[in-house]
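Residue-level structure breakdown
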There are 2 protein chains.
Amino acid sequence: MGRQDRRTMPLFPIGIVQSLTDLSARQIRYYEEHGLIHPARTGSNRRLFSFEDVDRLLEIKELIDKGVNLAGIKEMMAQKEVRASTLKSEHNESENVKKDLSDRELREMLKQEIFEAGRLNKASLRQGELSRFFH
Amino acid sequence: MGRQDRRTMPLFPIGIVQSLTDLSARQIRYYEEHGLIHPARTGSNRRLFSFEDVDRLLEIKELIDKGVNLAGIKEMMAQKEVRASTLKSEHNESENVKKDLSDRELREMLKQEIFEAGRLNKASLRQGELSRFFH
DNA sequence: CAATAGATGTTAGGTTTTTTAACATATATT
DNA sequence: AATATATGTTAAAAAACCTAACATCTATTG
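Residues numbered from 1 in each chain as written. Chains lettered and ligands numbered in written order. Predicted model: local features only at pLDDT ≥ 70, side-chain atom pairs only at ≥ 80, totals over all residues. Heavy atoms only, no water.

By the naming in an unreviewed UniProt entry, chain A goes by MerR family glutamine synthetase transcriptional repressor and is assigned to Melghiribacillus thermohalophilus.

Spelled out as structure tokens, the structure:
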């Protein structure tokens, strides 16, 4: 939960996001207009982007560079969403299993999870996604 | 090196830092004026704060809340600096030692380092420092 | 080929944020 | 009582951001 908050916490105004993604403000707003991203807003209507938003923009940019049009990108994002929630529900199943384990086993699994987190972190640096880069 | 860049990369305008730290802009600028933080500037002279800067501000805030005055905080920061560079040079020594190890040993140490990174991460969540929170 | 749709650039006018500098205030120290 | 410290408040200018409109370029389609 905490980790999700961090990925989705609104932090960056559009200017920072421009320099982070090398996209123009026009492009960023256009992608929002077409539902590819959903940045938060401040009380005074400024856009505020999370790490997750910036990640999505970087993915969008890559696909744009490959010649994929917005419809295609939208579709790919949607499919990715499906895959993610599938994985999540699978993960939840294994979480339920955990409920029946002994303390010792739990501690062992926790150690392993922390280790895996670190390992994944390292591995993901290669694919240039920002929030992973920053986590 | 990459990790250092991430901690020190200028990302946040002062407005975000205000909401992140619950300090007033006046306070933040005053602390800069007195050398407690050194935020970067954009080409157009706006302050841009890194995770490290925000961390420092959170530390400053804690000390302020404890009644420490700026001179005291400055001193504590300086001492902390000394401790950090001591640790760093110690770390460098152990890095030098590594140069003479076998591949197998190197791989083992790397695993251990990654694990430690994860462990430290967890532990530090309690003390409310932002960049650790986000790493 | 002409018309249309998609993606981005550019411009204009208005609002918000940030900056520095100055002055005000409250509290602690001398 | 005077001074120093820390912060608030205000003003004016510069920069960033907002929406909306119009322009341009490219690809597709009739």
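Residues and elements named next belong to chain B. The end-to-end C-alpha distance of helix α4 (residues 51-65) is 21 Å, a good match for the 21 Å that 15 residues give at a rise of 1.5 Å each. All of the buried residues in α4 are Phe51, Asp53, Val54, Asp55, Leu57, Leu58, Glu59, Ile60 and Leu63. In the segment just after α4, Gly67 is the residue with positive phi, at about 90 degrees. (Helix = DSSP H or I, 4+ residues; strand = E, 2+ residues; numbered from the N terminus. Expected span 1.5 Å × (residues − 1). Buried < 20%, exposed > 50% of the residue type's maximum accessible area, 1.4 Å probe, protein only.)

A separate point is the packing of helix α2 (residues 14-21) of chain A against helix α4 (residues 51-65) of chain A. Residues and elements named next belong to chain A. Put simply, α2 and α4 touch, their axes get as near as 10 Å, and they point 40 degrees apart. The orientation of α2 relative to α4 falls into the category oblique. Crossing of α2 over α4 shows right-handed handedness. Packed against α2, whose contacting residues are Val17, Leu20 and Thr21, the element α4 presents Val54, Leu57, Leu58 and Lys61 at the interface. Residue composition of the contact of α2 with α4, by class: 5 nonpolar, 1 polar and 1 charged. (Axes fitted to C-alpha atoms, helices over the stretch in contact; angles between N-to-C directions. Parallel < 35°, antiparallel > 145°, perpendicular 65-115°, else oblique. Left-handed = near helix turned anticlockwise from the far one by under 90°. Contact = heavy atoms within 4.5 Å. Nonpolar A, V, L, I, M, F, W, Y, C, P; charged D, E, K, R; others polar.)

Around DNA strand D sit 18 residues in total, of which Arg47 of chain A together with Ser24, Arg26, Ser44 and Leu70 of chain B are the nearest. Each atom of DNA strand D within 4 Å of the protein belongs either to a base or to sugar and phosphate, the latter forming 69%. Taking Arg47 of chain A, its side chain carries an N or O atom lying 2.3 Å from a phosphate oxygen of DNA strand D. Take Leu70 of chain B: an N or O atom from its main chain is 2.7 Å from a phosphate oxygen of DNA strand D. Elements with a contribution of two residues or more to the surface near DNA strand D: α2 of chain A together with α3 (25-33) of chain B. Element by element, the count of residues in the surface near DNA strand D is highest for α3 of chain B, at 4 residues. For the surface near DNA strand D, a count of residues per class yields 6 nonpolar, 6 polar and 6 charged. (Near = heavy atom within 4 Å. Polar contact = N/O pair within 3.5 Å; in protein donor to acceptor, adjacent residues only side chain to side chain.)

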